[in-house]
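Results of the structural survey
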Amino acid sequence: MKLRIILITVLAVAGLACSPTASQLKKVMQENPDVLHAAIEADPKGFFDVVQKVQSKAREQSMADQMNSELKRVIEEMKEPKQAVIEPSRAVLGPSSAPITIVEWADYNCGHCSTAAETMTKIAKEYQGKVRIVFKHLPILAKESRTAAEYMEAIALQDKEKAIKFHKEVFANQSRLRQEGEAFLKKTVQSVGAEMARVSKDIKSDAVKKIIDSDVAEAQKFDFNGTPGFLVNGAAIYGAYPYDFFKKVIDHVLTNK
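Here goes a summary of the coordinates provided. Predicted model only: the values in this text are computed from it and were never measured.

Attention shifts here to helix α12 (residues 243-256). In this model, α12 (14 residues) spans 20 Å end to end at C-alpha, consistent with the 20 Å of a helix rising 1.5 Å per residue. Among the residues of α12, those classed as buried are Y243, F245, F246, V249, I250 and V253. Summarising the axial view, the buried residues of α12 lie within an arc of 165°, below the 170-degree limit, and thus occupy one face. Counted as exposed and oriented over 90 degrees from the buried face of α12: D244, T255 and N256.

See below:
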């Protein structure tokens, strides 16, 4: 309150309008720097609360501007889409007839990928029948990232639904993966009901190795140097954008298909 009184007093003395312009405020503060000092001393908490609110609004506006710019780029890129290879063996959420295909490259040790996994689960639920989500791998953060990817693809060779359950469980329990390593992966194989003996054999197979190597090569081809990375109907999205951003992209496609 004291801060407000001081500022109003200064503006009145300066003969400024009730709604001063930025240049007017700047002129007053430049000519009367002691006012700012007095304002801080009079109500330091209130002053810095105002500063924090302004910073928060600035960040929100910056993020909104960034998302709008990115949305325009993604929509434009759909006119010349990138083509990802989707093998029949892949674990996929949603029907092949869906008008929207999201291909995701992720690392099981990536915190942002864990957030993205939640977003993909929500999208699959909210746009059931309209979106197909294909899970691919870019294991770049740790040895266990590659091992987890091998387990996931080995499970997919026997049961794709169980592979998706495994995928969700690992992301939901990332801390256990980091702490327990492969022991946690084996427990998760059992918890999703996959046949452990077959998984142990298949993770060493050329088929699994080829799938993951191809994922990595394809990610590099599309300039995904970090995780997560997405292709939405052939347009690249770099990073774990929030659900609302993906919703805008999806709604645009559904509205203009």
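From this point, the narrative continues.
Inspection of the secondary structure assignment puts D213 in helix α11 (residues 206-221). For D213, a relative accessible area of 31% corresponds to the partly exposed category. Counting along the chain gives 76 residues from D213 to H137, while the straight-line C-alpha distance between them is 8.8 Å. Here the side chain of D213 touches K209 through a polar contact of 2.7 Å, side chain to side chain.

A large share of strand β3 (residues 131-137) lies buried, amounting to seven of its seven residues. As paired strands, strand β1 (residues 92-93) and β3 are joined by two bridges and run antiparallel to one another. Pairing of L93 across the sheet is with I133, part of β3. As paired strands, strand β2 (residues 100-106) and β3 are joined by seven bridges and run parallel to one another. Residue I102 lies in a different strand from β3, and its bridge partner there is I133. Following the chain from β2 across helix α5 (residues 111-126) to the adjacent parallel β3, one finds a crossover that is right-handed.

The rules behind the values
- Residues numbered from 1 in each chain as written.
- Predicted model: local features only at pLDDT ≥ 70, side-chain atom pairs only at ≥ 80, totals over all residues.
- Heavy atoms only, no water.
- Helix = DSSP H or I, 4+ residues; strand = E, 2+ residues; numbered from the N terminus.
- Expected span 1.5 Å × (residues − 1).
- Buried < 20%, exposed > 50% of the residue type's maximum accessible area, 1.4 Å probe, protein only.
- Arc of directions from axis to C-beta.
- Polar contact = N/O pair within 3.5 Å; in protein donor to acceptor, adjacent residues only side chain to side chain.
- Pairing = 2+ DSSP bridges.
- Right-handed = clockwise from strand over helix to strand, strands pointing away.

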